[in-house]
Amino acid sequence: MFDSIFKIKKILKGTFSNAHGSVEFELKKTDFGRLFCETSLIEQLAERSAKKVKGVHDVSVIADKRLNDIAPLKVRYTVIIKQNFSANEVSAEISNSLKKILEEMIGIVDVIIDIKVTGVEQSELKRRVK
């Protein structure tokens, strides 16, 4: 019975790249050793950089670890934008700011960024009552 469960686990092991919580992955091999990074660090940096972009109301970020040295890092955004802002312009600014921060702070150049705009902020009209 358990043999079949372990076989299924081995088959599905390479299918999913993001584990629950923070996952450590190897960032770079140098002459002095190996550098590791966690996905939670990248998620925090990505969320902070997105919140600084004009037109972003709310954001959530998920970072998938690299499966091997060739595969790039993948960052997925779920964004709610403010009214009267273009989704294309906001997403372009988010991706540019993330690429800049990852390159400057961690040294990651190759990254895939998926941005999903799920809604627009609902603003309430303030009315005067006489």
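The rules we used
- Residues numbered from 1 in each chain as written.
- Predicted model: local features only at pLDDT ≥ 70, side-chain atom pairs only at ≥ 80, totals over all residues.
- Heavy atoms only, no water.
- Helix = DSSP H or I, 4+ residues; strand = E, 2+ residues; numbered from the N terminus.
- Buried < 20%, exposed > 50% of the residue type's maximum accessible area, 1.4 Å probe, protein only.
- Contact = heavy atoms within 4.5 Å.
- Areas by Shrake-Rupley, 256 points an atom, 1.4 Å probe, with all protein chains shown as cover.
- Pairing = 2+ DSSP bridges.
- Axes fitted to C-alpha atoms, helices over the stretch in contact; angles between N-to-C directions.
- Expected span 1.5 Å × (residues − 1).
- Arc of directions from axis to C-beta.
- Polar contact = N/O pair within 3.5 Å; in protein donor to acceptor, adjacent residues only side chain to side chain.
- Parallel < 35°, antiparallel > 145°, perpendicular 65-115°, else oblique.
- Left-handed = near helix turned anticlockwise from the far one by under 90°.
- Nonpolar A, V, L, I, M, F, W, Y, C, P; charged D, E, K, R; others polar.

J.: It is not clear to me how the overall build of the chain should be interpreted in this structure. Could you clarify?
T.: Within the chain, the secondary structure is distributed over three helices and five strands. For the chain, the proportion of its 130 residues judged to be buried stands at 27%. Partitioning the contacts of the chain with sequence separation of at least 6, the portion at a separation of at least 24 is 57%. By element, 52% of the accessible surface of the chain is carried by carbon and sulfur atoms, the whole surface being about 10,000 Å².

J.: Sorry if this is basic, but what is going on with the sheet that holds strand S5 (residues 111–120) here?
T.: Whether parallel or antiparallel, the strands of a sheet pair through hydrogen bonds between backbone atoms. Read from one edge to the other, the open sheet built from three strands follows the order S3-S4-S5, with strand pairing classed as mixed. Strand pairing shows two members of the sheet lacking a second neighbour, strand S3 (56–64) and S5, which therefore form its edges. Across the sheet, the mean angle from the axis of one strand to that of its neighbour is 20 degrees, orientation sign disregarded. Pairing analysis gives eight bridges linking S3 to strand S4 (residues 73–81), with the strands arranged antiparallel.

J.: Teacher, can you tell me more about helix H3 (residues 87–106) here?
T.: An α-helical turn contains 3.6 residues, so any two residues separated by three or four positions project in the same direction. For H3, built from 20 residues, the straight-helix expectation of 28 Å at 1.5 Å per residue is met to within 8% by its first-to-last C-alpha distance of 28 Å. Within the span of H3, buried status applies to Val90, Ser91, Ile94, Ser95, Ser97, Leu98, Leu102 and Ile106. Axial view of H3: buried residues confined to an arc of 170 degrees, hence all on one face. Turned more than 90 degrees from where H3 packs its buried face, Asn88, Glu89, Asn96, Lys100 and Glu104 sit exposed. Summarising the contacts, the buried residues of H3 are in contact with strand S1 (24–30), strand S2 (33–38), helix H2 (39–51), S3, S4 and S5. Regarding H3, its N-cap is Ser86, as a side-chain oxygen of that residue lies 3.4 Å from the backbone nitrogen of Asn88 further along. After H3 finishes, the residue Gly107 shows a positive phi value of roughly 95 degrees.

J.: Can you help me understand the side chain of Ser49 in this one?
T.: Along the chain, Ser49 turns up in helix H2. In terms of polar contacts, Ser49 uses its side chain to reach the backbone carbonyl oxygen of Ala46, at 2.9 Å. When neighbours within four sequence positions are excluded, Ser49 is seen to be in contact with Tyr77, Ser97, Leu98 and Ile101.

J.: How should I be thinking about the packing of H2 against H3 in this particular structure?
T.: Helix packing for two helices is described by the angle between their axes and how far apart those axes are. Following both chains from N to C, one finds H2 and H3 inclined at 135 degrees, their axes separated by 9 Å at the closest point. The orientation of H2 with respect to H3, classified from their angle, is oblique. Helix-helix and strand crossings are classified by hand; for H2 and H3 the assignment is right-handed. Facing H2, whose interface residues are Leu41, Ile42, Leu45, Ala46, Ser49 and Ala50, H3 presents Ile94, Ser97, Leu98, Ile101, Leu102, Met105 and Ile106. When its residues are assigned to classes, the contact of H2 with H3 shows eleven nonpolar, two polar and no charged.

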